[in-house]
Amino acid sequence: MIELSELTKNYGSRRGLTELSLQVNAGEVLGYLGPNGAGKSTTIRLMLGFIRPTSGVLRVLGVDPRADADDVHRRIGYLAGDFLVDSRQRAGECLAFLGNLRGGVPAQRIGELADRLELDLSARIKSLSKGNRQKVGLVQAFMHRPELLILDEPTSGLDPLMQQTFLEMVTEARDHGQTVFMSSHIMNEVESVADRVAIIRDGRLIATDTVAGLRARSLLRVQIEFAAPVAPEEFAALPGITDLTLTSTAQGALLTCRLDGSPDALVKAAARHTINALRADNQDLEELFHAYYTGEHSAQDAETNPIA
Ligand SMILES: Nc1ncnc2c1ncn2[C@@H]1O[C@H](COP(=O)(O)OP(=O)(O)OP(=O)(O)O)[C@@H](O)[C@H]1O
């Protein structure tokens, strides 16, 4: 559906994207995550053919989006990060007009989507709040059941209930065999719907993986309460242990650490003492994503990740 190969985009001396390669397969939902300024919108504008790459090759629906823009735009549902339309129009008129541009969309279909999103089609767009304007943008992207949806920060401005409705719409689109590429800067938002997640920072792709794969890679947070004091040296040098803290408690000692890989050495070291309680849980994905954001996870990690 989408194939980006060593795509680079420079804005004069400013970097937009650097040698980014990514493939999006038919029928999948891909969450495209990165902090502000990472290059998400640049990628999307390239995919729509609005801007020209400095170097590299891209194919959307099998064609070069700049060479065949009309065809690509008809077959895609696109929501821009800054969705703008003639604000004097009523929402319903605007959507009917955009529907006609795409070969005609039944009024009933527009009505159903508007009802779901609680959008008043009779309101003039200029009178709508930011979130309600975003709903107009969502309806126009979904209404013609495009084979590919490209959505730039689609939940921006939506309240939590509407975010949930939007995520249900994405799941249904996938169930109908549509492909969805959606950008976001919030992992929690995409993890429930995305089959795969791609993370970019500073214009570079730093990881792509399935949500399950990312979860498996996240570190374990471990807490062990000992019945008597223990020495930090017994644990500090164990394989896979980071961020070790050891504090005295009324009962004895509380050890906390992060664990990457096998728990065997830690469990065996701890078992030499009496343990009152033990807790281990996975770092949540938002936390893992934050580590990618801030560069704690480096390019070295990315090399071990499947970039598909
Ligand atoms: N038209 C432009 N001219 C010059 N630099 C630009 C232009 N558009 C984007 N950039 C730069 O390219 C980089 C990537 O920007 P982009 O808008 O793609 O990021 P983003 O990930 O979509 O960010 P956000 O989450 O804030 O929307 C930024 O450093 C930005 O300043």
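Residues numbered from 1 in each chain as written. Predicted model: local features only at pLDDT ≥ 70, side-chain atom pairs only at ≥ 80, totals over all residues.

Participant: Run through the site of the ligand, naming residues and quoting values.
Facilitator: As a structural note, the neighbourhood of the ligand is formed by 13 residues, with Tyr 11, Asn 36, Lys 40, Ser 41 and Thr 42 the closest of them. Counting only elements with at least two residues in the shell around the ligand, the list comes to strand E2 (14-24) and helix H1 (40-47). Here the shell around the ligand gets three residues from one element, more than from any other, and that element is H1. Looking at the shell around the ligand, its residues break down into two nonpolar, nine polar and two charged. (Near = placed C-beta within 6 Å. Helix = DSSP H or I, 4+ residues; strand = E, 2+ residues; numbered from the N terminus. Nonpolar A, V, L, I, M, F, W, Y, C, P; charged D, E, K, R; others polar.)

Participant: Can you tell me about the pairing of strand E8 (residues 196-201), naming the residues and giving the values?
Facilitator: Among the six residues of E8, six are classified as buried, and the element is accordingly described as predominantly covered. Residue alternation in E8 divides its side chains into two sets, Arg 196, Ala 198 and Ile 200 and Val 197, Ile 199 and Arg 201, and both sets are buried. In terms of strand pairing, E8 meets strand E9 (residues 204-210) through six bridges, oriented antiparallel. Within E9, the residue paired with Ile 200 across the bridge is Leu 205. Between the end of E8 and the start of E9, which pair antiparallel, lie two residues, with Asp 202 showing a positive phi angle near 50 degrees. (Buried ≥ 20, exposed ≤ 12 C-beta atoms within 10 Å, placed from the backbone. Pairing = 2+ DSSP bridges.)

Participant: Requested: an account of helix H4 (residues 107-116), with residues and values cited.
Facilitator: For H4, the set of buried residues is Ile 110, Leu 113 and Ala 114. Each buried residue of H4 lies within a common arc of 100 degrees when the element is viewed along its axis, so the set occupies one face. Residues of H4 that are exposed and point over 90 degrees away from its buried face: Gln 108 and Asp 115. Elements in contact with the buried residues of H4: helix H3 (91-101) and helix H5 (130-142). At the C-terminal side of H4, Glu 118 shows a positive phi close to 55 degrees. (Arc of directions from axis to C-beta. Contact = placed C-beta atoms within 7 Å.)

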